[in-house]
Amino acid sequence: MSEFLKEIDRAFQSAWHASKGGDAAWSSVMQTYGAEPLPEVDKETLLNSEMKITRGAFPIELRRVMEKIAAKHPNDAKDFAMDSKVFEYYQKIKPFSGLGDIFANASTGTAKYSQGLKKEKHSTMKCKNCGAPRLEEMQYDNCMFCGSALFVRTD
Ligand SMILES: [Zn+2]
């Protein structure tokens, strides 16, 4: 295993072993790499969203650390599938309820939510990597949950 993949694996394990939403040990991993943590207010939003996690740091934070590792090993990182690795991680921290059950896990306001979902079926944009809906009231180009690009950049 290359030094690059070893480092990726270490980061993956640290994120996975962190408590739900991250903890002090994970914060220090992020700090070591100079990766920017999610603002507390965004963590709150995500913890209350329908993108349920049972443990571990948020996928987007693992992505930020893996991006720093990739920048350190540009040659090894050329063929690295960042989105799939982030998705693999998400599969490990989500509740065991099978694929496509994201919406069934909404603990509060399920009926209200599905109503809203029906109404906004054609306008709600979902992340192609993890399925998180884009929050309409906020402006951002990358999925808040996993960090995957939501839009194709034209510049
Ligand atoms: Zn996503």
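Note that this is a predicted model, so its numbers are computed, not measured.

### A look at the environment of methionine 82
Mapped onto the elements of the fold, methionine 82 is located in helix H6 (residues 82–93). Taking the C-beta count within 10 Å as the criterion, methionine 82 has 17 such neighbours and is therefore assigned partly exposed. For the pair methionine 82 and alanine 70, spaced 12 residues apart in the sequence, the C-alpha separation amounts to 9.4 Å.

### So, the packing of helix H4 (residues 59–72) against H6
Two elements in contact, H4 and H6, have axes separated by 10 Å at closest approach and are oriented at 140°. Taken as axis vectors, H4 and H6 run oblique relative to one another. The two elements H4 and H6 meet at a crossing, and its hand is right-handed. Residue-level inspection shows Pro59, Leu62, Arg63 and Met66 of H4 in contact with H6, the latter providing Met82, Lys85, Val86, Tyr89 and Tyr90.

### What to know about the confidence of the model for the protein chain
For the protein chain, the mean per-residue pLDDT works out to 84, and 77% of the residues sit at or above 70. Segment residues 104–109: pLDDT under 50, and seven contacts once partners within four positions in sequence are set aside and those in other chains are kept.

### Here we look at H6
The end-to-end C-alpha distance of H6 is 17 Å, a good match for the 16 Å that 12 residues give at a rise of 1.5 Å each. Turning to H6, its buried residues number three or more, namely Val86, Tyr89 and Tyr90. Along H6, the residues classed as buried sweep out an arc of 100° about the axis, all on the same side. Of the exposed residues in H6, those oriented more than 90 degrees away from the buried face are Ser84, Glu88 and Gln91. Along its buried surface, H6 packs onto helix H1 (3–17) and H4.

### A closer look at the nonpolar core
Core analysis: the largest hydrophobic core is formed by 27 residues, its most contacted members being Ala11, Leu62, Ala132, Phe145 and Cys146. Taken together, the elements giving at least two residues each to this core come down to H1, helix H2 (24–33), H4 and H6. Counting residues per element, this core draws most heavily on H4, at five residues. Those residues in contact with alanine 132 that sit more than four places away from it in its chain are Met51, Lys126, Cys127, Cys143, Met144, Phe145 and Cys146.

Rules of the game
Residues numbered from 1 in each chain as written. Predicted model: local features only at pLDDT ≥ 70, side-chain atom pairs only at ≥ 80, totals over all residues. Helix = DSSP H or I, 4+ residues; strand = E, 2+ residues; numbered from the N terminus. Buried ≥ 20, exposed ≤ 12 C-beta atoms within 10 Å, placed from the backbone. Axes fitted to C-alpha atoms, helices over the stretch in contact; angles between N-to-C directions. Parallel < 35°, antiparallel > 145°, perpendicular 65-115°, else oblique. Left-handed = near helix turned anticlockwise from the far one by under 90°. Contact = placed C-beta atoms within 7 Å. pLDDT = per-residue confidence, 0-100. Expected span 1.5 Å × (residues − 1). Arc of directions from axis to C-beta. Core = buried A, V, L, I, M, F, W, Y, C linked by C-beta atoms within 7 Å.

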